[in-house]
Structure formats: structure tokens, C-alpha cells
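Examining the three-dimensional arrangement
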Amino acid sequence: MNSRGLRSQLKDSVPVAGLCPQGAYGVQDSLRSGFTSIKNELLPSHPLELSEKNFRLNQDKMNFSTLRNIQGLHAPLKLQMEYRAARQIQRLPFLPSSNLALDTLRGSDESIGFEDILCDPTQSEVIGEPHTMVEYKLGLL
Amino acid sequence: MALSTVLETPEAGFNFDNTARNAALEGLFDGGQTPKPLKTGTTIAGVVFKDGVVLGADTRATSSDVVADKMCAKIHYISPNIYCCGAGTAADTEKTTDILSSNLSIFSLNSGRNPRVVMAVNILQDMLYRYHGQIGANLILGGVDCTGNHLYTVGPYGSVNKVPYLAMGSGDLAALGILEDGFKHDLELEKAKELVRDAIHAGIMSDLGSGNNIDICVITKKGVDYIRPYKESEYKDARKMNYKYRPGTTAILTEKVVPLKLEVVQETVQKMDTA
């Protein structure tokens with residue numbers, strides 16, 4: 001892969017490298033992710049990886065700044081307040097949440113994209129360890 | 001299975017976990033011959049005529065050097081008044097047109113109207129640009145709506161062109177030659193069908209990736225006529241041997257029949273609320 005091109009995508013972000021390797025019991029899974037290599041953990045392996053991870057954030061940023069220019073500062077502020085409130089309606093971290101209010105606010109309850117078809121979190125084959133996930137969410141880990 | 005290493009539920013959508021593994025594996029196959037995705041190596045064409053739009057496509061799907069499907073359907077349904085021909089990676093065109101069709105039917109149900117062709121084009125453009133050409137779909141969209149008859153092409157990077165006649169795919173140069181020669185504005189239906197048929201035929205004759213039969217789809221304000229196949233290829237293989245076994249070839253040794261005794265245990269009638 002063209003690592004120089006991929007490295008340029010990392011300009012502003014500092015990824016947390018390998019908190020735990022990807023295998024079972026925390027040991028590096030050579031079969032699935034190859035040999036341990038710092039480059040594999042730091043650089044994105046696919047040109048779309050970073051842009052997809054930040055897609056919604058970037059789109060929201062763009063929309064809010066357009067809204068601010070057209071309608072004034074109050075418009076994005078009010079919307080962001082509503083988003084923040086809707087985002088708090090969640091189940092425990094290891095259970096799937098429907099995010100119904102958030103979807104309605106965003107308008108994504110009326111459109112279908114790849115995030116509705118591929119890798120549906122309600123049909124995932126693995127779940128995280130409940131205690132670990134709650135501790136991570138609360139920042140105790 | 002609970003993994004102690006999963007700290008957050010994985011995001012829905014595309015998952016890039018295997019790209020590092022795939023890159024490592026690519027070097028291990030001899031000569032770098034990784035399995036190739038099914039491409040449609042196509043000739044597709046479209047023409048705007050007096051009363052609507054005619055779309056045409058061949059029916060061959062190739063997987064590198066082998067014909068994988070001799071009767072592949074390349075004209076996809078988007079909405080009752082819009083159809084789409086797809087060239088490029090077969091799975092990508094299929095899935096993209098499916099998602100587009102779902103989105104437009106949600107819109108139709110919400111608003112009670114038939115979607116316009118520009119809406120389909122805009123949705124496709126946004127979707128394909130977002131993935132920076134990694135989704136290999138070259139699409140020709142044709143349809144009739146309240147504003148008229150339209151023909152658009154969308155490239156894999158999200159480029160859009162609005163044209164009166166068009167050919168795409170690996171056989172597009174040959175097809176475009178026929179279209180450039182024979183196209184006039186406001187053609188009649190039969191002339192338009194023949195023009196598209198000749199264009200696809202030229203693509204089939206001059207390109208290895210296109211072949212077999214020709215499908216035609218005529219979209220007008222009155223409705224859609226999907227003719228599949230419009231013209232069958234002269235080189236159909238007529239199988240001379242019969243591979244079916246006649247009944248009685250295998251001898252039956254023993255036969256035992258066990259009737260299932262079913263009795264009605266409980267019967268409930270629930271009236272449907274048709275108010």
C-alpha cells in the first residue's frame with residue numbers, strides 16, 4: 001500500500017496504538033492480523049479507513065458552519081444541544097441501542113446506506129465483556 | 001462469544017480489519033494472482049427518443065478470462081419510471097442500484113410521487129464520491145418523469161454527465177461509433193430500438209468482454225417495456241446429448257410408506273381489521 005499517501009491522512013490525529021492486540025486473551029492473533037508491526041497499528045491500512053471513521057463528524061461540521069453563515073450562531077447551537085440530548089438516550093454499552101431520536105433528528109431514519117446493511121451491530125457474532133466495556137465507557141479502565 | 005479486547009461496539013458499515021491481512025496475502029499467491037472479482041466487461045448504451053428513453057445492454061459477465069454468466073441481467077430496476085444499466089464490478093453495481101432503489105421507494109411512499117431522475121443521479125453521485133472510486137460502478141441512468149426524458153451517466157468517482165445518447169463499458173468505443181453515426185433528435189420508437197440494438201451488436205462483435213444476447217428496456221410515459229432478450233446470439237450452443245436419466249434407471253429395492261396422522265388440536269379464527 002502507498003504508505004506515504006496514507007501517512008498524510010494522519011496529519012491531525014494521534015491514534016492510540018495497541019491498547020490490546022486484536023486476538024483472544026490479548027495475544028497477537030498472527031493468523032488474522034499478521035505479524036506485530038508498529039506500522040500496521042499506526043497507519044490506516046485502507047485509503048478509506050480514516051475518511052469513513054470521520055465521515056459523519058466532517059459532514060456535521062460542514063453543515064453546521066453553512067447553517068451558521070446563513071442563519072446566525074443560534075441555529076447550530078440549538079441543533080447541537082438537541083443532538084447532545086438525543087445522544088444520551090442509550091442502553092448500556094454492550095447492548096445495542098436503537099438511537100431513534102438521534103436518527104430522526106439527523107434524518108437518517110428515511111434513508112438507507114451501507115451502514116444499515118453491512119456489519120449490523122445487532123447481528124454481530126462477538127460481544128465485548130460487559131464489565132470491561134462499562135469500565136471503559138466510564139473512564140475507569 | 002465475549003472477547004475481552006472489544007472496548008466499544010464496532011461501527012456499522014464497511015469494516016477494514018482485513019485489509020492488512022489481504023495485503024500480506026497478496027504476495028503469497030504465485031505470481032500475485034489473487035482471486036478476481038466478477039466484472040461485467042460490458043457494452044451498455046442508451047438513447048433518448050421522441051417519447052422516452054431506450055436502454056440496451058449485452059448479457060455476458062466475465063471473471064478474468066472465463067465467461068461466468070451467459071445471461072446476466074445488467075438493466076436494473078430503480079423505480080417504476082427509472083431504470084439503470086451497470087458496468088464495472090458486478091456486485092458493486094448490483095448493491096448500489098439496490099440501495100438507490102430502496103431510498104427512492106422510501107421517498108415515493110413518503111411523498112406519494114414518482115421520483116425524478118435528477119434525484120437518483122444526486123443520490124448516486126453523493127454515494128460514489130464518498131467512497132472515492134473504490135466502488136467500481138459505471139452506471140447509465142435513464143428515465144421519464146414530469147420534467148421530460150432524461151439520460152445520465154455516473155462514473156465511479158462521482159462524475160455526472162447529461163447526454164442524449166451514450167455508451168459505457170469495455171465495448172463503448174465500438175457502440176459509440178454506431179450511435180454517433182445514426183443518432184438524430186426525436187427518433188421514432190422502432191428506429192431508436194434498432195439503433196441501440198446495432199450499437200450493442202457492434203460492441204459484442206468488437207469486444208471480448210461483451211457477448212451473448214442483447215437486452216432492451218424502453219421507458220415511456222405510459223410504462224416500461226423490458227424485453228429480455230431482444231435479440232439472441234447466433235452462436236448458441238445446441239446441446240445434442242440428453243443428460244437426463246429416464247425413470248426406472250435405478251432399481252427400487254424396498255419401499256415403506258408411513259402415513260402421518262394429523263389431528264386438529266385447536267382452531268382459532270382472527271378477523272383482519274379491514275376498516
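Conventions used here
- Residues numbered from 1 in each chain as written.
- Chains lettered and ligands numbered in written order.
- Predicted model: local features only at pLDDT ≥ 70, side-chain atom pairs only at ≥ 80, totals over all residues.
- Heavy atoms only, no water.
- Helix = DSSP H or I, 4+ residues; strand = E, 2+ residues; numbered from the N terminus.
- Rg over C-alpha atoms; globule rule 2.2 N^0.38 Å.
- Buried < 20%, exposed > 50% of the residue type's maximum accessible area, 1.4 Å probe, protein only.
- Areas by Shrake-Rupley, 256 points an atom, 1.4 Å probe, with all protein chains shown as cover.
- Lys, Arg positive; Asp, Glu negative; His and termini not counted.
- Charge placed at Lys NZ, Arg CZ, Asp CG, Glu CD.
- Pairing = 2+ DSSP bridges.
- Axes fitted to C-alpha atoms, helices over the stretch in contact; angles between N-to-C directions.
- Contact = heavy atoms within 4.5 Å.
- Parallel < 35°, antiparallel > 145°, perpendicular 65-115°, else oblique.
- Nonpolar A, V, L, I, M, F, W, Y, C, P; charged D, E, K, R; others polar.
- Polar contact = N/O pair within 3.5 Å; in protein donor to acceptor, adjacent residues only side chain to side chain.
- Buried area = accessible area lost by both parts, 1.4 Å probe.
- Salt bridge = Lys/Arg side-chain N within 4 Å of Asp/Glu carboxyl O.

Notes on the overall build of chain B
Regarding its fold elements, chain B presents five helices and 13 strands. Its C-alpha atoms give chain B a radius of gyration of 25 Å, clearly above 19 Å, the size a compact globule of 275 residues would have. In terms of principal-axis extent, the alpha carbons of chain B reach across some 70 × 65 × 60 Å. Within the span of chain B, comprising 275 residues, buried residues form 40% of the whole. Counting only carbon and sulfur atoms, one obtains 53% of the accessible surface of chain B, whose full area is about 17,000 Å². Taking the average location of the 28 positive side-chain charges in chain B and that of its 32 negative ones, the two points are 5 Å from each other.

Brief notes about the sheet that holds strand S13 (residues 224-231) of chain B
All names here are of chain B. Spatially, five strands are ordered S11-S2-S3-S12-S13 in an open sheet, and the strand pairing comes out antiparallel. Each edge of the sheet is formed by a strand with only one pairing partner; in this case those strands are strand S11 (165-168) and S13. Taking the axes of each pair of neighbouring strands and ignoring which way they run, one obtains an average angle of 15 degrees across the sheet. In this sheet, strand S12 (residues 214-220) lies alongside strand S3 (residues 52-58) in antiparallel orientation, the contact comprising seven bridges. The partner of Val 54 across the bridge, within S12, is Val 218. Strands in contact with helix H4 (residues 172-182) are strand S2 (44-49) and S11; relative to S11, the strand with the most contacts, it is inclined by about 165 degrees.

Section: unusual backbone geometry
Residue B:Pro229 is reached from B:Arg228 by a cis peptide bond, and omega for that bond is 0 degrees. In this fold, B:Pro229 is placed in strand S13. A positive phi is found at A:Cys119, a non-glycine position, where the angle reads about 55 degrees. Structurally, A:Cys119 is set in the loop between helix H8 (114-117) and strand S1 (127-128).

Concerning the packing of helix H5 (residues 55-71) of chain A against helix H6 (residues 74-87) of chain A
Residue and element names in this part refer to chain A. Interaxial distance between H5 and H6 falls to 7 Å at its minimum, and their mutual angle equals 140 degrees. Put simply, H5 runs oblique to H6. Of the residues in H6, those touching H5 at Phe 64, Leu 67, Arg 68 and Gln 71 are His 74, Ala 75, Pro 76, Leu 79, Gln 80 and Tyr 83. A breakdown of the residues in the contact of H5 with H6 according to their chemical character gives six nonpolar, three polar and one charged.

Here we look at the side chain of B:Asp58
All names here are of chain B. Note that Asp 58 resides in strand S3. On the accessibility criterion, Asp 58 (0% relative accessible area) is buried. At a separation of 3.3 Å, a polar atom in the side chain of Asp 58 contacts the main-chain amide nitrogen of Arg 60. A distance of 3.0 Å separates a polar atom in the side chain of Asp 58 from a polar atom in the side chain of Lys 74. Apart from the residues lying within four places of it in its own chain, the contact partners of Asp 58 are Thr 42, Thr 43, Cys 72, Lys 74, Ile 200, Ile 204, Gly 209, Ser 210, Gly 211 and Asn 213.

Some details on the pairing of strand S8 (residues 137-145) of chain B
Residues and elements named next belong to chain B. The buried fraction of S8 amounts to eight of the nine residues, a majority that puts the element mostly inside the structure. Sheet topology note: the strand S7 (residues 82-88)/S8 ladder contains seven bridges and is antiparallel. Among the inter-strand pairings, Tyr 83 is bridged to a residue of S8, identified as Gly 142. Direction of pairing for S8 relative to strand S9 (residues 148-154): antiparallel, over a ladder of seven bridges. By the bridge assignment, Val 144 is partnered in S9 with Asn 149. Where S8 folds back on S9, the antiparallel hairpin that results is connected by two residues.

A few points about the interface of chain B and chain A
With 30 residues of chain B at the contact, the number on the chain A side is 36 residues. A combined buried area of about 3,200 Å² lies between chain B and chain A, and 69% of that area is made up of carbon and sulfur atoms. Here chain B is connected to chain A by two salt bridges. Here B:Arg130 makes a salt bridge to A:Glu52, at a shortest N to O gap of 3.1 Å. Linking chain B with chain A are four residue pairs in polar contact (both at pLDDT 80 or more).

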